[in-house]
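Architecture at a glance
Letter by letter, the chains look like this.
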Amino acid sequence: MGRAAAVLVGAAFVIAGASKLAAGRGWNQLRVPGWLARPVPFVELVVGALLIVGVASPWPAVAALVLLVAFSVLLAVHLAAGSHPPCACFGAWSAKPLSWHHLARNGLLAALAVVALAG
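All of the points below concern the structure found in this document. (Residues numbered from 1 in each chain as written. Predicted model: local features only at pLDDT ≥ 70, side-chain atom pairs only at ≥ 80, totals over all residues. Heavy atoms only, no water.)

Concerning the overall build of the protein
- Along the protein, the regular secondary structure elements total 5 helices and 0 strands.
- Taken from N to C terminus, the helices and strands of the protein fall in the order α-α-α-α-α.
- Here the C-alpha atoms of the protein give a radius of gyration of 14 Å, agreeing with the 14 Å that 2.2 N^0.38 yields for 119 residues.
- For the protein, the spread of C-alpha atoms along the principal axes amounts to about 40 × 25 × 25 Å.
- Here the protein, with 119 residues, has 39% of them falling under the buried criterion.
- Within the protein, contacts between residues at least 6 apart in sequence are counted, and of these 69% link residues at least 24 apart.
- Here the protein displays about 6,400 Å² of accessible surface, and carbon together with sulfur accounts for 76% of that area. (Helix = DSSP H or I, 4+ residues; strand = E, 2+ residues; numbered from the N terminus. Rg over C-alpha atoms; globule rule 2.2 N^0.38 Å. Buried < 20%, exposed > 50% of the residue type's maximum accessible area, 1.4 Å probe, protein only. Contact = heavy atoms within 4.5 Å. Areas by Shrake-Rupley, 256 points an atom, 1.4 Å probe, with all protein chains shown as cover.)

A short note on the environment of leucine 21
- Here leucine 21 lies in helix H1 (residues 2-23).
- Judged by relative accessible area, leucine 21 falls into the partly exposed class, the value being 38%.
- Distance from leucine 21 to phenylalanine 90, taken between C-alpha atoms, is 9.8 Å for residues 69 residues apart in sequence.
- Ignoring any residue separated from it by four or fewer positions in sequence, one finds leucine 21 in contact with Pro41, Phe42 and Leu45.

Looking at the state of the cysteines
- The final tally for this structure, using the stated rule, is 1 disulfide.
- Cysteine 87 shares a disulfide with cysteine 89; S-S distance 1.7 Å.
- On the basis of relative accessibility, which here comes to 3%, the residue cysteine 87 falls in the buried class.
- According to the relative accessible area criterion, cysteine 89 is buried, its value standing at 17%. (Disulfide = S-S within 2.5 Å.)

Rendered as structure tokens:
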């Protein structure tokens, strides 16, 4: 079960990172400072790939969990302020306005990352 969870979270991270790279600078709709936003797609690709191939376990699952918590805090801050820009979490595929649905999705991915850690 842990291995399957790691592959699912890894796939989500690889798709998110690749989609952000394809979108260029346009993915940063949440106005994250450039110095922090620029490495995000690359970090997502590396963490996702490591989760998929099962290398360096459990550290990629820990990294995924930390990233998901950080992303969720950013989303919650925007939502609490009444800000609903496009999430762009998955590049151009995420054009819907930011909602609590995005936090729920991150919660599910975080739960899967915990399962990957336990497995």
